[in-house]
Protein chains: 2
Amino acid sequence: MNATYKDVKSDILSKITSGHWQPGSLIPNEIELAETYGCARATVNRAMRELADDGLIERRRKAGTRVRASPIRQARFDIPLVRREIEDKGAEYRYSLASRSIETAPDWLRTRLQLGQGADALHLVCMHYADGDPFQHEDRWINLEVLPQARDADFSQVGPNEWLVSTIPFSTAEISFSATLADRALAEYLACDTGAPLFTVERATWFEGDANTFVRLTYRPGHRMTTRY
Amino acid sequence: MNATYKDVKSDILSKITSGHWQPGSLIPNEIELAETYGCARATVNRAMRELADDGLIERRRKAGTRVRASPIRQARFDIPLVRREIEDKGAEYRYSLASRSIETAPDWLRTRLQLGQGADALHLVCMHYADGDPFQHEDRWINLEVLPQARDADFSQVGPNEWLVSTIPFSTAEISFSATLADRALAEYLACDTGAPLFTVERATWFEGDANTFVRLTYRPGHRMTTRY
DNA sequence: GAGTGGTCTAGACCACGTT
DNA sequence: ACGTGGTCTAGACCACTCT
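Residues numbered from 1 in each chain as written. Chains lettered and ligands numbered in written order. Predicted model: local features only at pLDDT ≥ 70, side-chain atom pairs only at ≥ 80, totals over all residues. Heavy atoms only, no water.

Where an unreviewed UniProt entry is consulted, chain A appears under the name Transcriptional regulator, GntR family, with the organism given as Sedimentitalea nanhaiensis.

Notes on empty space enclosed by the protein
To be explicit about the condition: Here the term cavity refers to a set of points on a 1 Å grid, laid over the protein atoms alone, in which a 1.4 Å probe fits but cannot get out; the term pocket refers to an open set having protein on both sides within 12 Å along at least five of seven lines, with lining residues being those that place an atom within 4 Å of a point. Grid points are joined across faces, edges and corners, and a volume is the space filled by probe spheres set on the points. Strands are runs of DSSP state E lasting at least two residues, helices are runs of H or I lasting at least four, and both sets are numbered from the N terminus onward. Polar here means any residue other than Ala, Val, Leu, Ile, Met, Phe, Trp, Tyr, Cys and Pro, which are nonpolar, and Asp, Glu, Lys and Arg, which are charged; Gly is therefore polar.
Taken as a whole, this structure holds 2 cavities of 30 Å³ or more when the rule is applied. Size it by volume and the largest cavity reaches roughly 50 Å³. Looking at the largest cavity, the residues that line it are Leu-81, Val-82, Arg-83, Tyr-93, His-128, Glu-138, Gly-159, Pro-160, Asn-161 and Glu-162 of chain A. The set of elements that each furnish at least two residues to the lining of the largest cavity consists of helix H4 (82-88) and helix H6 (160-167) of chain A. Along the lines of polarity and charge, the residues of the lining of the largest cavity split into 4 nonpolar, 3 polar and 3 charged. Taken as a whole, the second largest cavity holds about 40 Å³ of empty space. In terms of lining, the second largest cavity is formed by Leu-81, Val-82, Arg-83, Tyr-93, His-128, Gly-159, Asn-161 and Glu-162 of chain B.

Some details on the packing of aromatic side chains
Rules: When two rings of Phe, Tyr or Trp (its six-membered ring) have centres within 6.5 Å they constitute a pair, described as stacked for plane angles under 30 degrees, edge-to-face for angles over 60, and tilted for the intermediate range. Per-residue accessibility, obtained with a 1.4 Å probe over protein chains only, is compared with the maximum for each type, and a residue is labelled buried under 20%, exposed over 50%, and partly exposed between these values.
What the rule picks out here adds up to 19 aromatic pairs over all chains. Summarising the aromatic geometry, the rings of Trp-108 of chain A and Trp-141 of chain A are spaced 6.1 Å apart at their centres and angled 90 degrees between planes, so their arrangement reads as edge-to-face. Of this pair, Trp-108 of chain A sits in helix H5 (residues 107-113) while Trp-141 of chain A sits in strand E7 (residues 133-143); the two residues are 33 residues apart in sequence, bridging distant segments of the chain. A relative accessible area of 45% places Trp-108 of chain A in the partly exposed class. When the ring of Phe-135 of chain B is compared with that of Tyr-219 of chain B, the centres are 5.7 Å apart and the planes differ by 80 degrees; the resulting orientation is edge-to-face.

Structural notes on the nonpolar core
Using the following cut-off: Throughout this description, the term nonpolar core refers to a set of buried Ala, Val, Leu, Ile, Met, Phe, Trp, Tyr and Cys residues connected via side-chain atoms within 4.5 Å. By definition, residues are in contact when any of their heavy atoms lie within 4.5 Å.
Membership of the largest hydrophobic core comes to 64 residues, with the highest contact counts inside it found for Phe-177 and Phe-199 of chain A together with Phe-177 and Phe-199 of chain B. Setting aside chain neighbours within four positions, we find Phe-177 of chain B in contact with Phe-77, Phe-177, Phe-199, His-223, Arg-224 and Met-225 of chain A together with Phe-199, Thr-200, Val-201 and Met-225 of chain B.

Focus: helix H3 (residues 41-53) of chain B
Convention followed: The span one expects for a helix is its residue count, reduced by one, times 1.5 Å.
Helix length check: H3 of chain B, at 13 residues, gives a terminal C-alpha distance of 18 Å against a target of 18 Å (1.5 Å per residue), a fit within 8%. Along H3 of chain B, the residues classified as buried are Val-44, Arg-46, Ala-47, Met-48, Arg-49, Glu-50 and Leu-51 of chain B. For H3 of chain B, the elements touching its buried residues are helix H3 (41-53) of chain A together with helix H1 (5-17), strand E1 (26-27), helix H2 (30-37), strand E2 (57-60) and strand E3 (64-67) of chain B. Phi turns positive one or two residues past the end of H3 of chain B, at Gly-55 of chain B, with a value near 85 degrees.

Some points on the protein's contact with DNA strand C
What counts is decided by this rule: Each residue is tested against the molecule or strand, and it is near if at least one of its non-hydrogen atoms lies within 4 Å. N or O atoms closer than or at 3.5 Å make up a polar contact, with two conditions inside protein: a donor-capable atom paired with an acceptor-capable one, and, for residues adjacent in sequence, both atoms drawn from side chains.
Arg-41 of chain A together with Thr-4, Tyr-5, Ala-40 and Thr-43 of chain B are the nearest of the 21 residues found near DNA strand C. Arg-41 of chain A has a polar side-chain atom sitting 2.6 Å from a base nitrogen of DNA strand C. Contacts to DNA strand C include Thr-65 of chain A, whose side-chain N or O atom sits 3.3 Å from a phosphate oxygen. Elements with a minimum of two residues in the surface near DNA strand C: H3 and strand E3 (64-67) of chain A together with H3 of chain B. No other element matches H3 of chain B, which puts 4 residues into the surface near DNA strand C. Taken together, the residues of the surface near DNA strand C sort by class into 5 nonpolar, 6 polar and 10 charged.

Comments concerning the domain arrangement of chain A
Reports of interface size often rely on the accessible area that becomes lost once the parts have come together. Where we set the bar: An automatic or database domain assignment supplies the start and end points of every domain.
Domain annotation of chain A identifies domain 1 (5-67) and domain 2 (82-219). For domain 1 of chain A versus domain 2 of chain A, the separation of C-alpha centres amounts to 44 Å.

Spelled out as structure tokens, the structure:
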């Protein structure tokens with residue numbers, strides 16, 4: 001009696017994980033569950049909605065609620081600023097700007113960001129250090145048509161990431177992970193051997209339909225991105 | 001008037017993304033918002049709760065609700081079965097078992113899974129193909145103390161992943177991504193050059209406190225994992 | 001048509017944390 | 001102490017979709 005939505009959720013969850021309710025099987029409807037747990041239907045509804053969001057059950061009007069046959073496993077990763085990533089490990093963060101130039105966007109970038117022909121872009125290469133050791137190499141392009149103020153921004157002290165976050169805090173992004181080989185330039189930046197396998201993150205972000213930046217982040221050898229679910 | 005929680009959510013969202021409500025600023029409380037939108041407080045509450053879940057706002061009792069200064073960026077990845085990953089691309093899936101043996105768990109595995117000394121583990125090496133081309137190499141260890149039935153399972157037709165999902169459908173996991181170099185064996189399995197950079201996923205899963213499996217999945221060169229947020 | 005989940009309401013009480 | 005969000009309730013109506 002007087003069950004909270006958390007009580008209901010965890011009880012149903014345990015019925016599922018224990019195998020008491022088999023994958024694919026039908027779960028009692030909300031009214032029955034409300035009676036079972038002695039609570040309001042809205043309380044059951046919230047518990048069930050969260051379980052559905054977590055990918056454990058599948059709900060359809062009229063057809064009812066079923067335990068997912070093969071649960072949708074999803075992992076969530078926090079995408080922190082490099083500075084935080086480093087400082088959270090208790091290391092000292094240092095940033096440096098390696099190069100800065102204004103270029104007409106190369107073809108691959110125009111394709112990636114859907115830019116017009118001859119569009120100007122600010123090209124930055126930066127390094128992020130943890131306790132003095134190379135941690136991450138950043139190769140960034142900023143769309144000057146959308147962000148003309150980047151032309152006058154000073155990136156020698158503050159990284160473009162932090163500048164961007166304060167300039168356009170909310171945007172949609174496409175992010176992708178892959179493995180790349182250290183070429184000679186990268187090897188020098190990251191103080192590793194040429195040919196080392198490097199974990200790489202690429203991110204393109206948009207704000208209200210316009211692409212504003214593309215960045216390729218390459219981590220020092222051995223870097224791992226970890227999460228639990 | 002008669003606003004739904006989706007109306008409220010998207011209106012608040014646009015006030016944030018447009019910069020109308022600056023990062024760090026205080027949002028009106030639920031009662032005021034309910035009056036503004038002409039709906040019940042519960043409706044506003046649901047909208048705000050979802051925005052908080054999405055990492056856009058920060059809520060604290062008594063202190064009120066604020067736009068996050070630096071939004072928590074989080075990406076969600078679906079972790080599909082390889083079979084689905086391949087079939088969803090419209091390619092034909094093929095599986096093969098390369099080796100199967102029962103071994104005492106090596107030290108690194110015992111550490112990773114917190115196994116006792118001399119624990120037996122089933123060691124499987126498998127390949128997953130897309131349209132006949134190598135797609136993913138799977139190096140898996142299954143804890144036989146927890147899953148003794150794996151000893152008699154036939155992994156020649158069905159991959160261990162699918163077997164595990166149907167055997168212990170729900171478990172917690174630790175997953176990590178990295179880049180590794182193709183050694184000679186991997187290069188042969190994946191039909192690539194030795195020294196190629198390979199995207200690698202490692203996953204350890206637990207069920208009710210007991211580790212049941214550890215797997216290292218290595219993708220063919222050039223593989224990317226992509227998502228939007 | 002009918003059963004199920006999806007959502008809204010008006011009100012209530014509680015839990016937390018700031019002041 | 002008090003203001004805010006967190007949650008619950010009992011009831012209502014609606015939207016979807018299966019039969």
